[in-house]
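Topology and contacts: notes
Below, each chain spelled out in residue letters.
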Amino acid sequence: MQSSDIFVQDPELQAAIAGEFARQQDGIELIASENIVSPLVLAAQGSVFTNKTVEGRPYARYYGGAEFADAVEALAIERAKRLFGCRFANVQPHSGSNANAAVFLGLLKLGDVILSMDTAAGGHISHGHPATLTGRDYTIMRYGVSRQSEWIDLDDVRALAREHRPKMIVAGGSAYPRALDFAGLRAIADEVGAHLMVDMAHFAGLVATGLHPHPFPHAHVVTSTTYKSLRGARGGLVLWNDEALSSKIDGGVFPGVQGSVMMHVVAAKAACLGEALRPEFRAYNEAVLAGAKRLAETLDAAGFRLVAGGTDTGLILVDLTPKGLTGDVAAKALEKAGLAVNKNQIPFDTRPPEAPSGLRLSANAGAARGFGVDEFATVGRWIARALDAPGDAGVLGQVRDEVRTVCRQFPIYASC
Ligand SMILES: *Cc1c(COP(=O)(O)O)cnc(C)c1O
């Protein structure tokens, strides 16, 4: 597969791919926005659909020769609808950010108010950060989390909604570990006449398997990435139930924010959505959740502080302050120990994003290679050991060797 002889003809490319394969195989990926896809997804994304250019919706294309492109996109749409129990889906967004931008473009007017979660509290940059196009084109108001509980406080969201009268309320973040109250958010949206958009990028897999509350029927629109908890293609999707929104959302995707379809990625979306409909995907998500909870408990016992007190979504935000460490130092030390994590701000962080107080972790990729709760407890102990001596090359090297040994027992692709 990744060691395939085809790369021999381009030694520089081959070296990069082989290096990346070895990095993934011999290290533990704990970054929440990553996963390890199946050979089927990998093959579909490298398939001959790479050669095909189409624009528009299935069976209504601007180019000819789209018979099989239509079939594969229709398949992905049908599977997305079945998986999430909704009436409409658009599987074309090239990324999660594009899915969100398309919904905003389709449903909002320039300058409309969006009420979304503050990035500093765990919201995602694509929900209106000032440095983005959406931040420029709409009026962005932010809600955060309660200082005491670090949970979203619906009273606070309601007060902001009443004050700013948003046309869109956005829920779902990139560093919020707790489940969301979709019914409560919808009641607020209804009160002010806003659409509720739920971005479930980090917990879509749990939603699909009934391990997390479902955003439908509360959300008007749901967006997601397909490569995090859905364990699939690199891209995004949009889901909704009201036919009156269809032409707006579809038009928001194309020609709104995108051109032609990445049909090879749509093929890989069909593949991962097909896998997600099978019983094994439920078992995988149970492993993700159980693994994350065990990892969180182990870190808690080792003296780290869990932001918001734990995790409902498999995403863990760790406050390093009790250890006298910052996220940048910790992430670098862990990388030397073969553990890939990302530094992250915590709510009300007094430290800057480059050297924040926290780390963000997830069990997605570990569970994908077969780690169970025992392995995640071991991962937690490795993290504690490495971060008790972040400048000690001997300790980090020892953990590195142990990580490699366990990784060899859980190959990411058996055939490589
Ligand atoms: C990861 C993520 C996205 C964006 O994904 P890209 O594919 O990087 O554009 C959007 N929303 C949330 C909540 C995310 O976590």
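Scroll up to find the structure this text is about.
Quick caveat: nothing in here was measured; it's all calculated off a predicted structure. Within every chain, residues take consecutive numbers counted from 1 along the sequence as written. In keeping with the predicted nature of the model, local features appear solely for residues at pLDDT of at least 70, side-chain atom pairs appear and are counted solely at 80 or more, and the whole-chain, interface and lining totals rest on all residues. Only heavy atoms go into the side-chain values, all of them from the structure, while hydrogens and water stay out.

1. So, the site of the ligand
Put simply, the rule is: When at least one non-hydrogen atom of a residue lies within 4 Å of a molecule or strand, that residue is treated as near it. Two N or O atoms count as a polar contact when they lie within 3.5 Å, although within protein this holds only if one can serve as hydrogen donor and the other as acceptor, and sequence-adjacent residues are included solely when both atoms are side-chain atoms. Strands here mean DSSP runs of E at least two residues long; helices mean DSSP runs of H or I at least four residues long; both are numbered from the N terminus.
The environment of the ligand is made up of 14 residues, and the closest members are Ser97, Asp199, His202, Tyr227 and Lys228. In the environment of the ligand, an oxygen atom lies 3.3 Å from a nitrogen or oxygen atom belonging to the side chain of Ser95. Between the ligand and the protein, one listed contact pairs an oxygen atom with a backbone N or O atom of Gly96 at 2.9 Å. By residue number, the principal contributor to the shell around the ligand is helix 4 (residues 96–107), which donates three residues.

2. Details of the pairing of strand 10 (residues 236–240)
Basically, it comes down to this: Here the term buried applies to any residue with accessible area under 20% of the maximum for its type, exposed to any over 50%, and partly exposed to those in between, with areas from a 1.4 Å probe on protein chains only. We treat two strands as partners when DSSP finds at least two bridges between them.
By the criterion of burial, strand 10 is predominantly enclosed, with five of the five residues buried. Along strand 10, one buried face is formed by Gly236, Val238 and Trp240 and the opposite face, lined by Leu237 and Leu239, is buried too. Bridging between strand 4 (residues 88–90) and strand 10 involves three bridges; their strand directions are antiparallel. When the sheet's bridge partners are listed, Phe88 is paired in strand 10 with Trp240.

3. Topic: the pattern of salt bridges
Heads up, the rule is: For this document, the term salt bridge refers to a Lys or Arg side-chain nitrogen within 4 Å of an Asp or Glu carboxyl oxygen.
Scanning the model with the defined rule gives 21 salt bridges in all. Put simply, Arg408 and Asp26 hold a salt bridge, and the shortest N to O gap is 2.7 Å. Residue Arg408 is located in helix 15 (residues 393–409), and its partner Asp26 is located in helix 1 (residues 11–26); the two are separated by 382 residues in the primary sequence. For Asp26, a relative accessible area of 11% puts it in the buried group. Each of Glu20, Arg23 and Glu29 takes part in a single network of salt bridges with overlapping partners.

4. Focus: helix 1
Just so we agree on the cut-off: To estimate the expected span of a helix, count its residues, drop one, and scale the result by 1.5 Å. The arc in question is formed by the directions pointing from the helix axis toward the C-beta atoms.
Given a rise of 1.5 Å per residue, 16 residues ought to cover 22 Å, and the 22 Å separating the end C-alpha atoms of helix 1 matches this to within 8%. Among the residues of helix 1, those classed as buried are Phe21, Gln25 and Asp26. All buried residues of helix 1 fall inside an arc of 105 degrees around its axis, so they share one side.

5. Focus on the packing of aromatic side chains
This is how the line gets drawn: In this analysis, rings of Phe, Tyr and Trp, with Trp reduced to its six-membered ring, are considered paired at centre separations within 6.5 Å, and the interplanar angle assigns stacked below 30 degrees, edge-to-face beyond 60, and tilted for intermediate values. We count a charge as sitting over a ring when the NZ of a lysine or the CZ of an arginine lies within 6 Å of the ring centre and within 35 degrees of the ring normal.
In total, this model carries seven aromatic pairs according to the counting rule given. Ring centres of Phe88 and Trp240 lie 5.9 Å apart, and the angle between their planes is 20 degrees; on these two criteria the pair is classed as stacked. Of the two residues, Phe88 sits in strand 4 while Trp240 sits in strand 10, which places them 152 residues apart along the sequence. With 5.9 Å between their ring centres and 70 degrees between their planes, Phe104 and Tyr138 make a pair best called edge-to-face. Taken together, the residues span a long stretch of sequence, with Phe104 in helix 4 and Tyr138 in the loop between helix 5 (133–137) and strand 6 (139–143) at a distance of 34 residues. Among the residues examined, Tyr138 registers a relative accessible area of 8% and is labelled buried. Here a set of aromatic residues connected by ring pairs shows up, and it is made of Phe371, Phe376 and Phe410. For the cation-ring pair, Arg231 lies above Tyr284, with the distance from its terminal atom to the ring centre recorded as 5.3 Å. Directly above the aromatic system of Tyr227 lies the positively charged group of Arg234, at a separation of 4.0 Å from the ring centroid.

6. Looking at the sheet that holds strand 14 (residues 342–344)
Picture the strands of a sheet paired through backbone hydrogen bonds; they go either parallel or antiparallel. Definition in use: For this analysis, residues touch if any pair of their heavy atoms sits within 4.5 Å. Axis lines are fitted through C-alpha atoms, for helices just across the contact stretch, and the angle between N-to-C directions can take any value from 0 to 180 degrees.
The four strands are arranged 11-12-15-14 in an open sheet whose pairing can be described as antiparallel. Edge strands, defined here as strands with exactly one partner in the open sheet, are strand 11 (305–306) and strand 14. Judged from the two bridges that link them, strand 11 and strand 12 (residues 315–319) form a sheet pairing that is antiparallel. Bridge pairing in strand 12 links Arg305 to Asp319. Here helix 11 (residues 279–301) sits on the sheet in contact with strand 11, strand 12 and strand 15 (358–362), set at roughly 10 degrees to strand 12. Along the sheet, helix 12 (residues 327–336) contacts strand 14 and strand 15; its crossing angle with strand 15, the most-contacted strand, is approximately 45 degrees.

7. With respect to unusual backbone geometry
Geometrically, the link from Phe216 to Pro217 is a cis peptide bond, its omega value of 5 degrees lying close to zero. The omega angle of the peptide bond from Phe254 to Pro255 is 10 degrees, so this bond is cis rather than trans. Located in the positive-phi region is Arg165, a residue other than glycine, with phi close to 50 degrees. Along the chain, Arg165 turns up in the loop between helix 6 (154–164) and strand 7 (168–171).

Distances and angles like these do not, on their own, reveal function.
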